[in-house]
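Fold and contact review
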Number of protein chains: 2
Amino acid sequence: MRELKVELGERSYPIYIGEGILEQIGSFFAKHHIGKASPLLIVTDEYVAKHHLAIVETKLREEGYTVASYIVASGEKSKSLSVLEKVVAAALEAGLDRKSTVIALGGGVVGDLAGFVAASYMRGVRFVQVPTTILAHDSSVGGKVAVNHPMAKNIIGAFHQPEMVVYDTATLRTLPDREVRAGLSEMIKHGLIWDADFTAWMEENASKLISLDQEALQYGLYMGCKVKSIVVSQDEKENDLRAILNLGHTIGHALEAVSGYNELLHGEAISIGMVGSAKLALRLGYPEHIYTVTKRILQAYGLPTRLSQHLNTDDIMSAMLHDKKFMEGNMVFIVPTEIGKVEINKNISSAWVREIVEELKQEA
Amino acid sequence: MRELKVELGERSYPIYIGEGILEQIGSFFAKHHIGKASPLLIVTDEYVAKHHLAIVETKLREEGYTVASYIVASGEKSKSLSVLEKVVAAALEAGLDRKSTVIALGGGVVGDLAGFVAASYMRGVRFVQVPTTILAHDSSVGGKVAVNHPMAKNIIGAFHQPEMVVYDTATLRTLPDREVRAGLSEMIKHGLIWDADFTAWMEENASKLISLDQEALQYGLYMGCKVKSIVVSQDEKENDLRAILNLGHTIGHALEAVSGYNELLHGEAISIGMVGSAKLALRLGYPEHIYTVTKRILQAYGLPTRLSQHLNTDDIMSAMLHDKKFMEGNMVFIVPTEIGKVEINKNISSAWVREIVEELKQEA
Ligand SMILES: NC(=O)c1ccc[n+]([C@@H]2O[C@H](COP(=O)([O-])OP(=O)(O)OC[C@H]3O[C@@H](n4cnc5c(N)ncnc54)[C@H](O)[C@@H]3O)[C@@H](O)[C@H]2O)c1
Ligand SMILES: NC(=O)c1ccc[n+]([C@@H]2O[C@H](COP(=O)([O-])OP(=O)(O)OC[C@H]3O[C@@H](n4cnc5c(N)ncnc54)[C@H](O)[C@@H]3O)[C@@H](O)[C@H]2O)c1
Ligand SMILES: [Zn+2]
Ligand SMILES: [Zn+2]
């Protein structure tokens, strides 16, 4: 088992990564002094529940916990205020009090939703993440939790750090292949923004990671979490540095919004977005190989690097203007300056961005 | 003008109390370095908007701010997730960004709702309270913000401190008399839990306060805010001491819930609740005069001290069991031990509480 500590002063927490560690979830809870007098609520989704809910419930009950579960529909649609209201109803019915803990068992959707429940239920209760997707290595570090508004993604939320993250890589075996690749897209992003060696390792180990080789997976998840946690530790509330985690996300979020949050997975959308950022780097005069390497790695993982023709450029642009990364009217972009390094560029002209969106439709 | 500082380390903020000070709201904003590049959103309700929105909008625009407003229906029903979703839509339409400020112009309902919008919009933006009810002297100190769930009051929320509170006592002149008295109920509570002298002053000045004598009002609001801020400064996140602010609230909240949040005003419900707590004090052997004085003051303000016969005791009891003040199954009550002092009693038998609810229906 690998262990990583996210350093956030009194809000620091560990991430445990290992194959089969859900068997020990009861003892993790006990070790973290999670009391047995108050009930726990597991929030999960349909697909995850089918494969992994029973073991979590069983092991926690064996340890002496009172456990209730609430199962939401799978998919981004569950990150809404109306589903939040239902989860809170379940929490009230189960008798959760201020000493209770909410557990997110699932991917980023369940993590963000259950995390915001934990942040806001009785103005904040404890929270444990049990990620079951690769993408969730990203969402389980940093404490950002949120639900969507019909007009904008992740717009209603909080910063709420978990007590711990229990990452059982065996759960990833039931994850659909397309979801595996999409999750690896964020792992590639963590290399691109921070670590050239890890980026090279990602390129070499593409086939191992895609086929869920447990050794490679644990190392990749460990490194992905580590990069993210270094960045987050330096800037918990996203005042400056943390913005670099948004490489590929400005375009990516717009693509998700315009395609109605169902055509493209988050990791696929940011894959295209990262190609867009690399193209921006070219325009700004940064080395050509940034673009070549970025695209080559993403393609090694079978991730999309071009934009579907049918998505309307105007729609994409106006979705970007609603995106919260545009402070005070300026367009802010994360731009790679070499492999493993990025800058926060606050002076990107929207005309350029529009041209790049058009170019992304012509990509090979 | 009176000024009071709520001491909360780097989250400290001032409360300005004075007649006609909304004229200067623009300069208060400038003094607090609220930038003009990001739009402001005023959240208010129908009744308040009719009387007081124009001046706030005008003065802020005169100062150079871009101001949007969103008007919700008056009343507790607006403290809901569905209204929150509408306010967030208004914020997005107005182009609010992470440097924007949300202004609550109104009573506790608007304060709690707009405060939770400010806490959760983009994971937290700045917040200014402009209270227009007497009760809001209570809700504008302490940073508790929340919306209701159909199953429980204030169950979804956050701790989010304002930048400042601008309390113009002239706005209180348009407040209906019944709301004036209900607000004074919380002011009485602040005396009863902390300050025997202030309690005596409250009894002497009942007619002045009811008739909105500006001098008395400013002193009363100042003292009410002060007691609350002392308590909150010592226990920002309600771990222990802060619970004393709940005098009368355990029963009070249950009465509000059972009467469907429309028969009794919050201040009226806690007035009955405070009589209940005084009766509990009697049973615990504390001096008789606690009960006599409590009831006499509340009656001087024309506040209710008995429970309507038609409210069902079982319903009231089960509403209390959903209340978040029952940690781990124990019944916790705030009990006066003398005038100006209370204890947090964690061993109150529910049988006693039931008897007291019954007795409250027989009160003179
Ligand atoms: N909070 C953050 O910092 C952060 C960071 C990145 C992304 N996110 C959010 O994360 C979300 C995307 O996360 P995601 O990709 O994990 O999505 P997800 O949670 O929707 O999971 C993807 C799909 O896989 C299924 N699934 C999950 N685990 C499974 C398993 N082990 N076996 C079988 N099926 C399984 C789910 O039911 C779902 O259909 C987005 O909403 C995004 O905004 C948040
Ligand atoms: N956050 C906290 O710490 C805290 C503390 C106490 C109470 N509260 C909350 O406060 C709420 C009750 O507050 P409230 O009594 O101020 O209720 P409110 O905001 O509903 O105001 C009462 C009524 O008076 C009207 N009104 C307000 N100001 C007016 C004015 N100047 N002129 C004319 N009409 C005016 C309103 O439209 C409403 O109809 C409850 O929801 C309660 O939970 C919160
Ligand atoms: Zn992402
Ligand atoms: Zn109150």
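An account of the accompanying structure is given in this report.

What counts as what
- Residues numbered from 1 in each chain as written.
- Chains lettered and ligands numbered in written order.
- Predicted model: local features only at pLDDT ≥ 70, side-chain atom pairs only at ≥ 80, totals over all residues.
- Heavy atoms only, no water.
- Helix = DSSP H or I, 4+ residues; strand = E, 2+ residues; numbered from the N terminus.
- Rg over C-alpha atoms; globule rule 2.2 N^0.38 Å.
- Buried < 20%, exposed > 50% of the residue type's maximum accessible area, 1.4 Å probe, protein only.
- Contact = heavy atoms within 4.5 Å.
- Areas by Shrake-Rupley, 256 points an atom, 1.4 Å probe, with all protein chains shown as cover.
- Lys, Arg positive; Asp, Glu negative; His and termini not counted.
- Charge placed at Lys NZ, Arg CZ, Asp CG, Glu CD.
- Donors = N, O, S within 2.8 Å, 3.2 Å for Na, K, Ca; no water.
- Buried area = accessible area lost by both parts, 1.4 Å probe.
- Polar contact = N/O pair within 3.5 Å; in protein donor to acceptor, adjacent residues only side chain to side chain.
- Nonpolar A, V, L, I, M, F, W, Y, C, P; charged D, E, K, R; others polar.
- Near = heavy atom within 4 Å.
- Domains from an automatic or database assignment.

What chain A contains, in helices and strands, is 14 helices and 11 strands. Computed over the C-alpha atoms, the radius of gyration of chain A is 20 Å, within 12% of the 21 Å expected from 2.2 N^0.38 for a compact globule of 364 residues. Along the three orthogonal principal directions, the C-alpha set of chain A runs to about 60 × 40 × 35 Å. Residues counted as buried form 64% of the 364 residues belonging to chain A. Of all intrachain contacts in chain A linking residues separated by at least 6 positions in sequence, the fraction that spans at least 24 positions is 75%. Counting every atom, chain A has about 12,900 Å² of accessible surface; 48% of that belongs to carbon and sulfur. A distance of 2 Å separates the average location of the 37 positive side-chain charges in chain A from that of its 45 negative side-chain charges.

This next bit is on the coordination of the zinc ion (ligand 3). All names here are of chain A. Looking at the zinc ion (ligand 3), the protein donor atoms are E186 (OE), H249 (NE2) and H266 (NE2), and they sit 1.9 to 2.1 Å from it. Mapping the donors of the zinc ion (ligand 3) onto the primary sequence gives the spacing E-x62-H-x16-H. With E186 in helix α6 (residues 177-194) and H249 in helix α10 (residues 249-258), this pair connects stretches of sequence that are 63 residues apart. Judged on exposure class, the residue E186 and its partner H249 are both buried.

So, about the interface of chain A and chain B. The partner chain B presents 38 residues to the 38 residues of chain A that form the contact. Taken together, both faces of the contact between chain A and chain B bury some 3,400 Å²; the carbon and sulfur share is 63%. Seen at the junction of chain A and chain B, the total is 10 residue pairs in polar contact (both at pLDDT 80 or more). Contributing elements (two or more residues each) for the side of chain A that touches chain B: α3 (81-93), α4 (108-120), β7 (144-149) and β8 (152-159) of chain A. Here the side of chain A that touches chain B is composed, by residue class, of 20 nonpolar, 7 polar and 11 charged.

Attention shifts here to the environment of V141(A). Residue and element names in this part refer to chain A. Tracing the backbone through its elements, the reader meets V141 in the loop between α5 (136-139) and β7. Along the chain, V141 and C225 lie 84 residues apart, while their C-alpha atoms are 6.5 Å from each other. Filtering out sequence-adjacent residues up to four positions away, V141 remains in contact with V6, Y13, I15, C225, K228 and S229.

What follows covers the site of ligand 2. Residues and elements named next belong to chain B. As a structural note, the neighbourhood of ligand 2 is formed by 26 residues, with D45, E76, G108, T133 and T174 the closest of them. Taking G108, its main chain carries an N or O atom lying 2.7 Å from an oxygen atom of ligand 2. Coverage of ligand 2 by the protein amounts to 92% of the 860 Å² it exposes when considered alone. Class assignment of the residues belonging to the shell around ligand 2 gives a composition of 6 nonpolar, 11 polar and 9 charged. Counting only domains with at least three residues in the shell around ligand 2, you end up with domain 1 (2-174) and domain 2 (177-360).

This part takes up the site of ligand 1. Residue and element names in this part refer to chain A. Around ligand 1 sit 26 residues, and of these D45, E76, G108, T133 and T174 come closest. Within the contact set of ligand 1, a nitrogen atom lies 2.8 Å away from a backbone nitrogen or oxygen of K144. Contact with the protein chains hides 92% of the accessible area of ligand 1, taken as 860 Å² for the molecule alone. Counting residues per element, the ones that place at least two in the shell around ligand 1 are α2 (46-62), α4, α5 and β8. Mapping the shell around ligand 1 onto the domain boundaries places at least three of its residues in each of domain 1 (2-174) and domain 2 (177-360).

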